[in-house]
Each structure stands twice: as C-alpha cells, then as structure tokens.
Amino acid sequence: MISKFTSALFSLGLSLSITSTAIAQATTTGNAPAILARKQVPILCYHQIRDWKPTDKKVDKDYIIPIAAFKAHLKMLADSGYHTILPDQLYDYLTKGTPLPSKPIMLTFDDTDLDQFVVARPEMKKYGFKGVFFIMTVSIGKVKHYMSAAQIKQLSDEGNVIGSHTWNHSNFKKFQGKDWETQLDKPTKKLEEITGKPIKYFAFPFGLWNSQGLPELHKRGFKLAFQLADKRDPNDPLLTVRRILDSGYWTVKSLSNAMHQSFSK
Ligand SMILES: [Zn+2]
C-alpha cells in the first residue's frame with residue numbers, strides 16, 4: 001500500500017517538477033531585474049537553540065542562540081507586528097508581485113537540530129508563527145540531538161514547510177557526478193516520503209553556492225534556494241535568496257537594526 005501511494009506521489013511530483021522547472025527558468029531569465037528590484041523580505045536563520053556551555057567555542061556561538069535570547073527575539077518580532085510568511089508566499093511575491101502581509105518576515109531553521117522542535121516550535125506557536133525547516137537527511141533520527149522522521153512530519157502537518165539541506169551537509173560548490181543524486185535527489189525523495197508533500201525549497205550548506213551548480217536545482221524543480229548574506233546572483237535571484245544568522249550575541253535592538261540594514265541593500 002505504501003509503495004503504491006509513494007509511486008503515485010512521485011509520478012505526481014515528477015510532473016509537478018517538470019512544470020515548475022519550466023516556469024522557474026522562464027521567470028528567472030526573464031524577470032531577474034524585476035525580482036532584484038523588489039524590497040527584500042527579512043529572513044532569519046537559526047541552528048541550535050540552547051544555552052551556551054563552557055566548551056562552546058566563540059566561532060560556534062554564531063550557530064547557537066541561548067533559549068532566553070531566542071524567546072526575546074521572537075517576542076520582539078511579535079510585539080513589533082511582524083507576520084511570518086512561507087516560501088510559496090515569497091515566491092509569488094518575487095515572481096508576480098503578489099502582496100504579502102504587513103511587516104513580513106521568514107524564520108528558517110537548518111540542520112535538523114532537536115532544539116528546533118523542543119524549543120522553537122512551542123515558542124512560535126504562542127505567536128501563530130510558522131517556519132521553514134531545512135533538513136539534512138543523514139541525521140534524521142540517527143543521533144539523540146536530531147529530530148526524528150515523526151517530528152519532521154508533525155512540523156509539516158502543523159503548517160510549517162520542510163526543505164532540503166542535502167544528505168550530509170557537504171559543500172554544494174564541490175558537487176559533481178553522482179553527488180547530485182546523493183545530495184539532491186535522494187534527500188528530496190526521503191523528505192517527500194516523510195511529509196507526503198513535494199519538496200520545493202533548498203538551503204545551501206554553510207550558505208555556499210556557485211552559479212554553475214544552480215541549473216542542477218532548476219532541473220529538479222526547486223523554486224527557491226536560500227544562502228546566507230552574500231550578494232544574490234544577478235541572473236538567478238530566486239536560487240540565491242539572502243538570510244542572516246540571528247546571533248545569540250544580539251539584543252533585540254541589534255537584531256532589529258541588522259534586519260533593516262541587511263535587507264535594505
Ligand atoms: Zn546547515
């Protein structure tokens with residue numbers, strides 16, 4: 001029964017991806033200047049959400065936001081009237097100018113960390129916020145501090161979006177040959193099996209990307225891909241959407257300043 005369901009799902013997914021590839025290519029080549037001209041939506045990126053330990057190195061702390069800071073940052077966003085949006089909304093806004101809610105923001109979470117389920121999920125629920133969870137499939141349920149397939153499905157069922165973050169978090173710039181299958185095709189298949197939904201969004205491990213690799217994402221029907229805060233590819237802004245890391249060193253004021261500064265460029 002399961003295999004019948006998944007094969008139906010994948011033939012559906014295949015036809016969807018062929019259609020969306022054609023659309024994405026047409027849109028990207030045709031409208032890149034228009035997309036680049038639109039006001040950017042602030043997008044925040046989180047990894048671990050836990051209190052710092054004495055063994056955490058300074059460089060690692062950019063990827064670990066203490067629980068109290070995370071809670072304060074979300075509260076500031078809610079109190080300031082921000083509304084979380086999801087990638088389908090961002091895609092329609094960028095490609096067609098579809099209006100967004102007032103003060104839009106996107107919250108994204110990388111690397112499958114369990115804290116995202118245990119700490120971020122209930123905190124987001126308080127404010128009616130939804131987010132995007134980019135999963136590296138190698139870690140699913142493998143080690144204690146990663147999310148299980150059931151938790152990923154629950155996030156998806158509750159209205160959050162699940163995206164791909166490759167199989168094992170390798171550098172996208174170095175992908176060649178079989179890597180495309182291992183790092184893109186198989187993780188997509190796995191995440192579609194878990195969620196029962198097509199996987200249309202991708203985040204580059206370490207935020208690293210190169211223009212040469214972007215056609216491989218188009219070919220597979222990815223509609224948007226997310227990097228960190230580098231300049232977008234002038235020919236392919238949809239596959240180089242910018243995000244900033246919400247630092248655990250920041251006060252609510254520094255977060256607010258960083259959002260305005262980084263996304264007004
Ligand atoms: Zn990552």
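Residues numbered from 1 in each chain as written. Predicted model: local features only at pLDDT ≥ 70, side-chain atom pairs only at ≥ 80, totals over all residues.

### Topic: the overall build of the chain
For clarity, the threshold we go by: Going along the chain from the N terminus, every DSSP run of H or I of four or more residues is numbered as a helix, and every run of E of two or more is numbered as a strand. Working definition of burial: number of other C-beta atoms within 10 Å of the residue's own, with buried at 20 or more, exposed at 12 or fewer, and partly exposed in between, all C-beta atoms being placed from the backbone. Note that contacts rest on C-beta atoms placed from the backbone: two residues are in contact if these are within 7 Å.
Along its length, the chain carries eight helices and 10 strands. Taken across its 265 residues, the chain has 35% of its residues classed as buried. For the chain, long-range pairs separated by at least 24 residues make up 65% of all intrachain contacts whose partners lie at least 6 apart in sequence.

### Thoughts on the environment of Ile162
Note that Ile162 resides in strand 7 (residues 161-164). Looking at Ile162, the number of C-beta atoms within 10 Å reads 21, which means it is buried. Counting along the chain gives 30 residues from Ile162 to Glu192, while the straight-line C-alpha distance between them is 9.2 Å. With residues near it in sequence (within four places) discarded, Ile162 still touches Phe133, Ile135, Ile152, Leu155, Ser156, Leu191, Thr195 and Ile199.

### Things to note about the confidence of the model for the chain
Definition in use: pLDDT gives the predictor's per-residue confidence on a scale running from 0 to 100.
Looking at the chain as a whole, its pLDDT mean stands at 90, while 88% of the residues score no less than 70. Considering only residues more than four positions removed or in separate chains, one finds that residues 1-30, a stretch of pLDDT under 50, has 22 contacts.

### Details of the environment of Gly97
Counting through the fold element by element, Gly97 comes out in the loop between helix 3 (87-96) and strand 5 (104-110). Here the alpha-carbon distance between Gly97 and Ile35, two residues 62 residues apart in the chain, equals 8.9 Å.

### So, helix 2 (residues 67-79)
Put simply, the rule is: How far a helix is expected to stretch is found by multiplying one less than its residue total by 1.5 Å. Taking the helix axis as origin, the arc is that swept by the directions to the C-beta atoms.
Helix length check: helix 2 (13 residues) gives 18 Å between terminal C-alpha atoms against 18 Å at 1.5 Å per residue, within 8%. When we look at burial in helix 2, the residues that qualify are Ala69, Phe70, His73, Leu74 and Leu77. Looking down the long axis of helix 2, one finds its buried residues gathered within 130 degrees of arc, a one-sided arrangement. Turned more than 90 degrees from where helix 2 packs its buried face, Ala68 and Asp79 sit exposed. Taken together, the buried residues of helix 2 touch strand 2 (48-49), strand 3 (64-65), strand 5, helix 4 (114-127) and helix 8 (252-263). The first or second residue beyond helix 2 is Gly81, which carries a positive phi of 85 degrees.

### Some thoughts on the nonpolar core
Buried together is how nonpolar side chains tend to be arranged in soluble globular proteins. The test is simple: Each nonpolar core reported here comprises buried Ala, Val, Leu, Ile, Met, Phe, Trp, Tyr and Cys residues connected via C-beta atoms within 7 Å.
Counting residues in each nonpolar core, the largest one holds 53 residues, and the members touching the most others are Tyr46, Phe133, Ile135, Ile152, Ile162, Leu224 and Ala225. Other than its neighbours up to four places away in sequence, Leu224 contacts Pro87, Leu90, Tyr91, Tyr201, Leu238, Leu239 and Val241.

### Re the pairing of strand 5
Let me state the cut-off plainly: Any two strands with at least two DSSP-identified bridges between them are counted as paired.
Taking burial as the measure, the seven residues of strand 5 include five buried ones, the bulk of the element. With four bridges connecting them, strand 1 (residues 43-46) and strand 5 associate as parallel partners. Residue pairing for strand 5: Cys45 is matched across the bridge by Thr108. Pairing of strand 4 (residues 83-84) with strand 5, which is carried by two bridges, proceeds in the parallel orientation. In the strand pairing of strand 5, His83 is matched with Pro104.

### Notes on helix 5 (residues 149-157)
Looking only at helix 5, the buried set comprises Gln151, Ile152 and Leu155. Down the axis of helix 5, the buried set is contained in an arc of 100 degrees. They therefore lie on one face. Exposed residues pointing more than 90 degrees away from the buried face of helix 5 are listed as Ala150 and Asp157. Of the residues one or two after helix 5, Gly159 is the one with positive phi, at around 100 degrees.

### What to know about the pairing of strand 7
Our working rule: Orient the strands so they point away from the viewer; a crossover is then right-handed if the path from the first strand over the helix to the second runs clockwise.
Along strand 7, one buried face is formed by Val161 and Gly163 and the opposite face, lined by Ile162 and Ser164, is buried too. Pairing between strand 6 (residues 132-135) and strand 7: four bridges, direction parallel. By the bridge assignment, Phe133 is partnered in strand 7 with Ile162. Crossover strand 6 to strand 7 through helix 5 is right-handed.

### Considerations on the packing of helix 2 against helix 4
We count it as follows: The axes are straight lines fitted to the C-alpha atoms, using for helices just the contacting stretch, and the angles between their N-to-C directions are given from 0 to 180°. Convention used here: angles under 35 degrees read as roughly parallel, angles over 145 as roughly antiparallel, angles from 65 to 115 as roughly perpendicular, and any remaining angle as oblique. Should the near helix be turned anticlockwise from the far one by less than a right angle, the crossing is left-handed, and should it be turned clockwise, the crossing is right-handed. Following the grouping adopted for this structure description, the nonpolar residues are Ala, Val, Leu, Ile, Met, Phe, Trp, Tyr, Cys and Pro, the charged ones are Asp, Glu, Lys and Arg, and the polar ones are all others, Gly among them.
Relative to each other, helix 2 and helix 4 sit at 20 degrees, their axes nearing to 10 Å. Between helix 2 and helix 4, the angle is such that the two are roughly parallel. Both helix 2 and helix 4 take part in a crossing whose hand is right-handed. The residues of helix 4 that touch helix 2, namely those facing Ile67, Phe70, Lys71, Leu74 and Ala78, are Val119, Ala120, Glu123, Met124 and Tyr127. In terms of residue class, the contact of helix 2 with helix 4 is made up of eight nonpolar, no polar and two charged.

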